[in-house]
Amino acid sequence: PLPLSPLITSQLTKPELTLTDSTAKMVDTVKFNVGGRHFEVSRALIDAHSETMLGRLVSDTWNENHEKTVFIDRNGDVYPHVLDYLRYGKIELPVTVPRSTFNRELDFYGIPLDESMINQESLAALDSTIVPVKEAQIVDVATWDLNRVAELENQLIDKEAENAKLMFDKDKLEFYTKKTLQRFQENYLAALQDCKA
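Computed from a prediction, not measured in an experiment: that's the story for all the values here.

Trainee: Looking at this model, I keep getting lost on the packing of aromatic side chains. Mind explaining?
Mentor: Inspection of the entire model under this criterion finds six aromatic pairs. Plain terms: the ring middles of Tyr 85 and Phe 102 are 5.8 Å apart, the flat faces sit at 85 degrees to each other, and that makes the pair edge-to-face. With a gap of 17 residues between them, Tyr 85 in helix H4 (residues 79-88) and Phe 102 in helix H5 (residues 99-109) connect regions that are remote in the sequence. For the pair formed by Tyr 85 and Phe 102, the shared burial category is buried. With a centroid separation of 5.2 Å and an interplanar angle of 80 degrees, the aromatic rings of Phe 108 and Tyr 109 are classed as edge-to-face. In this structure Tyr 109 comes out as buried when scored by relative accessible area, which is 0%. Grouped by ring-pair contacts, the aromatic residues Phe 32, Phe 39, Tyr 79, Phe 108 and Tyr 109 constitute a single cluster. Over the face of the ring belonging to Phe 108 we find Arg 74, whose NZ or CZ atom lies 3.9 Å from the ring centre.

Trainee: Explain the environment of Gly 35 to me, please; I cannot follow it from the model alone.
Mentor: By secondary structure assignment, the location of Gly 35 is in the loop between strand S3 (29-34) and strand S4 (37-42). Taking the C-alpha atoms as reference, Gly 35 lies 10.0 Å from Val 78; in sequence the two are 43 residues apart. Setting aside residues no more than four positions away along its own chain, Gly 35 makes contact with Phe 71, Ile 72, Arg 74 and Gly 76.

So, how was this worked out
- Residues numbered from 1 in each chain as written.
- Predicted model: local features only at pLDDT ≥ 70, side-chain atom pairs only at ≥ 80, totals over all residues.
- Heavy atoms only, no water.
- Phe/Tyr/Trp six-rings, centres within 6.5 Å; stacked < 30°, edge-to-face > 60°.
- Helix = DSSP H or I, 4+ residues; strand = E, 2+ residues; numbered from the N terminus.
- Buried < 20%, exposed > 50% of the residue type's maximum accessible area, 1.4 Å probe, protein only.
- Lys NZ or Arg CZ within 6 Å of the ring centre and 35° of its normal.
- Contact = heavy atoms within 4.5 Å.

Here you go:
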């Protein structure tokens, strides 16, 4: 069997925890809505940090209904990183999350900040993962795009010509129909006059 984390081991005596297939499974969770994003977190994680605002929000003092989702008007994109910091005691922040934003969120939640446990992913690390694109590939794509635009413009011109022809045919048909109807009315009135006379 795999060794259990210290957090889970410390919680084994609690009745809300059950073990299945050598893994700890939490049956008691806390639901958060942070800036419109929904999270379900083990109560054990929050209880392990009861001195934080998160711990206080779900405590019996502040939250009588433990089934209710707790709304927090904060950045829902940074919140998963805050949870990871609570889980592991350290974090590797992606380039997309500024360190100052992360620090501000920790401060809001009342989570003690240990600068030595926060690393920021560097742009240099990202540069190594980007596949270089050859200039010839760019030209091919640009040429394809120009050819496609020209093709679409030609299709548009053709459709406009078809539309103009249909409009002309419609006008011609309306004119013919009116003229035919007018002649029929004239002939009908003349025949009616002849019948009366």
